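If you want the building blocks of each chain, they are given just below.
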Amino acid sequence: MDQITLTFPDSSKRTFPRGVTGLAVAESISKGLAREALAVEVSGEVWDLSRAIDADASLKILKWADAGGKYAYWHSSAHLMAEAVEALFPGTRFGIGPSIEAGFYYDMDLGGHALTPEDLAKIEEKMRELASRDVPYQREVRSWQEAVAYFEKKGDPYKLELLQDLQGETITFYHQGNFTDLCYGPHIPSTGRIKAIKLLSIAGAYWRGNEKNKMLQRVYGITFPTPKELEEHLFRLEEAKRRDHRKLGQEMEIFLLTPNVGSGLPLWLPKGTVIREALIDFLRAEQKKRGYDFVTTPHIANLNLYRTSGHYPYYKESQFPPIEMPEGDQYMLKPMNCPHHHQIYMAKPRSYRDLPVRFAEFGTVYRYEQSGEMNGLIRVRGFTQDDAHIYCTPEQLKQEVKATVELTQLVFNTFGMDVKIRLSYRDEKNVEKYGGEAAFWEQAQREIKEVADEMGLDYFIGIGEASFYGPKIDFMVRDALGRTWQLGTVQVDYVMPERFQLEYTAADGKKHRPVIIHRAPFGSLERFIGILIEHFAGEFPLWLAPMQAVVLPVTDAAMEYARSVVETLKAAGLRVEIDERNEKIGYKIREWETKKAPYMLVIGEKERAAGTVSVRQHKKGDLGAQPVEAFRDLLAGLVSSRTLTH
């Protein structure tokens, strides 16, 4: 019998009969592993455990702790939910039902029926009943014609539309119980693995994300192998509601969204502007230390600039439409800063002695996000990037990439955020999505991997996550609730120098192309601040807090001294307010505690006579009396050190 060789994560190799399944491999290792196995990763792709492996491959058995295991588990849960819906609401037509970062959803057309919370409870109960039957998920390869005939008979226009894009590809169906779906997989072995179920919400979603298409009903859900894990997840969801940046942003007067300005176009209120400026000052100072020059570019430019860069038409659907000018020219709101920076680079001849050139800008850009996808500050239509572009020689590239990685690490270390690093490569199966020659891509991907290895970075590779003109080092940040956000990025670009014909004169006297590094540690100020609000639950580190201390005079007799304390602290650059309302001191303390004031300085006759302030710290209570100058120096030191605790 033919044999194949499988390579395991520890680099060990074993031979198996050709056609062996992932489950059989797991059983050959241990019965316990086979019981826990949910799926198998074959040469980077997640497969069902029941699929035959016909060629040499790398292999990893996936359990619940693995991202691929959760992916298969939640994808299977989406199919289980669809089966329950079809049983309760016959005639339902189904769109897509993917696994997402935490859970799954399915888009459905239930005719004229609008789902209610009571319906969700019924669907949950039916899912539990179906799961308890412990039927297998079975994969079946069909011809394209057979698939079309099946869904024509079923009367499902959504699956038929999907099939139009799949002509010439392998078509697979998945069956479990009484439900059949068009699906690539992967799936777990059987429904019985799904133990704890909760359907979370109902939303509207345009079919295929197009506002011109029909609005479907999207049901979100989550499942776990144990009730305890579900309970812990639901607790985190409640905590996320408490930390919601949209709620806290309004309560703390940080930003405003109003239809009078437009969806996705936030207005920064005075306290929010303090946070923005503190972040900008922090990063600007770090960039100045590293030899960056600051530039400023307009919010609009001739459409031809973006044709040259490829942003138009590559990202045409996510951009505001061009503006027709009377003289016939077309202009567009800036979707990216980089084409503008390239123009500045081209403004004069460059020598190898001039490189690297580092241009930085806090530049506002505009994207036409669909209305259903906007989310407070996290997803907006106008946002400010902490953008920079480094033009260097190929010999300088790796050192410059290392320096940008170190700067980005400094940013996230400052906020105490855990970071995972993804090397984002292009998808060789879909190369039409990307610009430039294959050789450039191979070189750039090799170089960022060499940097990651030389720096000892803990990274994973994301196929298909590159931008259209280069691979990236992406920083995946984990917040206080354990959620992962893709924020900072460092990208190597050999494509734009060709598109814009960028040059420098090398030591040999000939013209050469520079390499460009695109770099943005925050990503965007809007998204970063939205995440910070939730990460800190509005209780910012002292250096970032919009208000660092509030002075609370007890009596009118202490008012003049209280005002002098405010002036002393403000003179040291501290952000201080005074509460002069005619309210009892206990009421004021409770209110400012609710407002998350880092420090409250209570001042009465005793403090005035002694030249002190009675200090209360948020969540810690009374710290006793301190001389004004001592407290001033303490706060100033905490602010300058950017400590996370105070």
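Report follows, based on the coordinates.

Thresholds applied
Residues numbered from 1 in each chain as written. Predicted model: local features only at pLDDT ≥ 70, side-chain atom pairs only at ≥ 80, totals over all residues. Heavy atoms only, no water. Salt bridge = Lys/Arg side-chain N within 4 Å of Asp/Glu carboxyl O. Helix = DSSP H or I, 4+ residues; strand = E, 2+ residues; numbered from the N terminus. Buried < 20%, exposed > 50% of the residue type's maximum accessible area, 1.4 Å probe, protein only. Expected span 1.5 Å × (residues − 1). Contact = heavy atoms within 4.5 Å. Pairing = 2+ DSSP bridges.

Okay, the pattern of salt bridges next. Under the definition given, this model contains 49 salt bridges. Residues Arg-379 and Glu-369 are paired through a salt bridge, measuring 3.2 Å at the closest nitrogen-oxygen approach. Placement of the pair is Arg-379 in the loop between strand 22 (357-366) and strand 23 (382-392) and Glu-369 in the loop between strand 22 and strand 23, with a sequence separation of 10 residues. The exposure class of Arg-379 is partly exposed, given its relative accessible area of 35%. What emerges from the salt-bridge pattern is a single network uniting Glu-124, Glu-125, Arg-128 and Lys-198.

Summarising the element assignment, Phe-415 is placed in the loop between helix 13 (397-414) and strand 24 (418-425). Among the residues examined, Phe-415 registers a relative accessible area of 1% and is labelled buried. Along the sequence, Phe-415 and Thr-643 sit 228 residues apart, while their C-alpha atoms lie 8.8 Å from each other.

Once that is clear, we can look at helix 17 (residues 559-571). Here helix 17 spans 18 Å end to end across 13 residues, near enough to the 18 Å set by a 1.5 Å rise per residue. Here the buried face of helix 17 lies against strand 31 (549-553), strand 32 (576-578), strand 33 (599-603), helix 19 (605-610), strand 34 (612-617) and helix 20 (628-641). Of the residues trailing helix 17, Gly-573 is marked for its positive phi of about 85°.

As defined by bridge partners, strand 34 adjoins strand 35 (residues 621-627) across six bridges and the pair is classed as antiparallel. Note on strand 35: the bridge partner recorded for Val-615 is Gly-624. The turn joining strand 34 and strand 35, which pair antiparallel and follow one another in sequence, is formed by three residues; a positive phi near 75° is taken by Lys-619.

Let us now look at helix 9 (residues 270-289). Taking 1.5 Å per residue as the helical rise, helix 9 with its 20 residues ought to reach 28 Å, and the 29 Å between its terminal C-alpha atoms agrees with that figure. For helix 9, the full list of buried residues reads Gly-272, Ile-275, Arg-276, Ala-278, Leu-279, Ile-280, Phe-282, Leu-283, Glu-286 and Gln-287. In the stretch just after helix 9, Gly-291 is the one whose phi turns positive, near 80°.

Reading across the sheet, the three strands line up as 19-21-20 and stay open at both edges, with antiparallel pairing between neighbours. Two strands in the sheet have a free side with no partner beyond their single neighbour: strand 19 (300-302) and strand 20 (323-324). Sheet topology places strand 20 next to strand 21 (residues 330-333); two bridges connect them, and they run antiparallel. Opposite Ile-323, over in strand 21, you have Tyr-331 as the bridge partner.

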